[in-house]
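Listed below, chain by chain, are the residues.
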Amino acid sequence: MNTRESRAGRTARIGFLTLWLIFTIFPLYWITITSFKPAGDIFTFPLAYWPEDFSLENYSGLFGASQFGTYLLNSLIVSAVAGTVATVISMLSAYVLARFEFRTKTALLMAALVTQMIPSFIALGPLYLLMTDLGLVDNRLGLVLVYIAVCIPFCTVMLRGFFANIPDTLEEAAMIDGCSRVGALFRVLLPVMKPGIVAAFIFNFVNCWNELFLSVTLMNSDDNKTVPTALNGFISSFNIDWGSMSAAAVLTILPTMVLFAFASRHIVQGLTAGAVKG
């Protein structure tokens, strides 16, 4: 009886996971095949789940009729720089919060968590005025600074949990051997924290890569726009260019998929280690 129940339960789980996988993968599949369809075949009825004629006109149009290559480069530069700087700052602040006791420690942690509950679009008006006064509107540096400020709070909380799981004795032993506190941090703790740092960087990179509201608000010229802004540009008042948008979406998803594929082991280790202890 138990064997039958276990087999039935296993079959049900496999069936449910299979359905969930299909439900999850199908939108990505549909976007991909749509990007290879000629404009006249996108709205054919009945629906064609496999294109009869593969066409690259949507991809060639992206780089021929628009500056999509520039958008990709802008997104890569902004996301990489903002993700790296935010990770470094978060690492240092997380170390302080994990290793030192001071009066405002709890308040700082609560403030970092509360900021994650506030929608970013609420601050768009004041932020735009501030960046205008600083002369950083339509400037990649301004967007990088904003992204760094957005990424630091959550990344700090995540890395603090990772620091808290590293025994103090490891750092104390390095200091006894002659390392300063800063030396112990960079020579001893950081190699141990590699999975957590990789997870934090990827989290920051993907957040910056996919962000739309701040980019649309602060970037005006085609030379400085990022990929999410370019995707938004395919939607007009009377029409949506589904072919070009699908091709752009595929090219936008690929970098993050490659990043996750190469760093998936570090991401899992970092997130699980950082979530064990607060």
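Above this text sits the structure in question.
Here the structure is a predicted model, which is why all the values come from computation and not from measurement. (Residues numbered from 1 in each chain as written. Predicted model: local features only at pLDDT ≥ 70, side-chain atom pairs only at ≥ 80, totals over all residues. Heavy atoms only, no water.)

Trainee: So what about the packing of aromatic side chains? Which residues, and what values?
Mentor: For the structure shown, the criterion picks out 10 aromatic pairs. Their ring planes at 85° and their centres at 6.4 Å tell us that Phe68 and Tyr71 sit as a pair that is edge-to-face. With Phe68 and Tyr71 both in helix α3 (residues 68-99), this residue pair falls 3 residues apart, about one helical turn. Judged by relative accessible area, which is 1%, Phe68 ranks as buried. (Phe/Tyr/Trp six-rings, centres within 6.5 Å; stacked < 30°, edge-to-face > 60°. Helix = DSSP H or I, 4+ residues; strand = E, 2+ residues; numbered from the N terminus. Buried < 20%, exposed > 50% of the residue type's maximum accessible area, 1.4 Å probe, protein only.)

Trainee: Tell me about the pattern of salt bridges, and name the residues and values.
Mentor: Applying the stated criterion across every chain, the model contains 3 salt bridges. Two residues, Arg99 and Asp168, come together in a salt bridge whose shortest N-O distance is 3.2 Å. Of this pair, Arg99 sits in helix α3 while Asp168 sits in helix α7 (residues 168-176), and the two are 69 residues apart along the sequence. Relative accessible area serves as the criterion here: at 42%, Asp168 is assigned to the partly exposed category. Linking Lys225 and Asp222 is a salt bridge whose minimum nitrogen-to-oxygen distance equals 3.4 Å. Exposure remark for Lys225: the relative accessible area of 21% places this residue in the partly exposed category. (Salt bridge = Lys/Arg side-chain N within 4 Å of Asp/Glu carboxyl O.)

Trainee: Go over the packing of helix α6 (residues 140-164) against helix α9 (residues 194-210) with me, naming the residues and quoting the values.
Mentor: Their axes nearest at 10 Å, the elements α6 and α9 cross at an angle of 155°. Here α6 is positioned roughly antiparallel relative to α9, judged by the angle of their axes. For the element pair α6 and α9, the recorded crossing hand is right-handed. Along its contact with α6, which presents Tyr147, Cys151, Phe154, Cys155, Met158, Leu159 and Phe162, the element α9 presents Gly196, Ile197, Ala199, Ala200, Phe203, Asn204 and Cys208. (Axes fitted to C-alpha atoms, helices over the stretch in contact; angles between N-to-C directions. Parallel < 35°, antiparallel > 145°, perpendicular 65-115°, else oblique. Left-handed = near helix turned anticlockwise from the far one by under 90°. Contact = heavy atoms within 4.5 Å.)

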